[in-house]
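This is what each chain is made of:
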Amino acid sequence: MNSTYSSLQSTKTRTLVINALFIALTLVATMFINIKLPIMGNGGLIHLGNVPLFIAAIVYGKKTGAIAGAFGMAFFDLISGWAAWAPFTFVIVGAMGFVVGLIAEKVPGNKFMVYALAIATALIIKVVGYYFTEVLLYGNWIQPFGSVPGNILQVAIAGILVVPIAGRLKKMAGQI
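Bear in mind the structure is a predicted one, so any value in this text is a computation, not a measurement.

(A) Structural view of the packing of aromatic side chains. Evaluated as defined, the whole model comprises 10 aromatic pairs. On the numbers, 5.0 Å between centres and 45 degrees between planes, the contact of Y131 with F145 is tilted. With Y131 in helix α5 (residues 111–138) and F145 in the loop between α5 and α6 (148–175), the pair connects residues that are 14 residues apart, well separated along the chain. Looking at Y131, the relative accessible area reads 13%, which means it is buried. Given a relative accessible area of 48%, F145 falls into the partly exposed group. Each member of the aromatic cluster is reached from another via a ring pair, and the members are W82, W85, Y130 and Y138.

(B) Representation of a nonpolar patch on the surface. On the surface, F71, F75, L78, I79, F90 and V91 cluster together into a nonpolar patch covering about 560 Å² of accessible area. For the nonpolar patch, the elements supplying multiple residues, two or more each, are α3 (62–79) and α4 (86–106). Take the nonpolar patch: its biggest share by element is 4 residues, from α3. Relative to the elements of secondary structure, F75 occurs in helix α3. With relative accessibility at 36%, the residue F75 sits in the partly exposed group.

Cut-offs applied
Residues numbered from 1 in each chain as written. Predicted model: local features only at pLDDT ≥ 70, side-chain atom pairs only at ≥ 80, totals over all residues. Heavy atoms only, no water. Phe/Tyr/Trp six-rings, centres within 6.5 Å; stacked < 30°, edge-to-face > 60°. Helix = DSSP H or I, 4+ residues; strand = E, 2+ residues; numbered from the N terminus. Buried < 20%, exposed > 50% of the residue type's maximum accessible area, 1.4 Å probe, protein only. Patch = residues over 30% accessible without salt bridge, like charges linked within 9 Å, V, L, I, M, F, W, Y side chains within 5 Å. Areas by Shrake-Rupley, 256 points an atom, 1.4 Å probe, with all protein chains shown as cover. Salt bridge = Lys/Arg side-chain N within 4 Å of Asp/Glu carboxyl O.

These figures capture arrangement, not role.
Structural data, given as structure tokens:
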């Protein structure tokens with residue numbers, strides 16, 4: 001058997017398994033670890049789906065981050081009765097995962113600060129992306145401000161959980 005083929009096949013299989021795992025983790029954390037906020041308009045949903053998304057992006061890179069976020073959270077929207085949101089979530093959260101992974105890979109410096117910057121950038125993408133999505137879906141420029149605090153809290157909590165452990169997880173993943 002050609003060892004180059006075997007190695008390539010093993011790498012493809014590993015990548016597929018990691019992507020599927022993080023899609024599933026993102027979906028499950030979004031679906032089962034959440035709180036609906038009772039504030040203005042739609043209000044928002046606080047969930048921990050961003051935790052596996054950010055771990056995937058930082059540890060395994062921008063492609064895995066984008067795939068985990070886009071598919072994991074869009075599947076949540078489809079399964080949970082938020083189907084109108086699914087295409088927007090696919091793009092917004094996919095972009096969040098991609099950008100977090102890109103910054104984690106490319107920006108030099110103290111990794112703690114780099115990861116914090118990456119998550120702060122994801123926060124901006126989420127707030128702006130979902131604000132304009134709500135404007136589009138609801139036809140109102142004021143109502144979407146009600147979801148901003150929930151979106152900020154959601155990403156901030158994920159950042160607080162992920163940033164301190166991301167470097168260690170990345171080292172552990174490299175040993176496998």
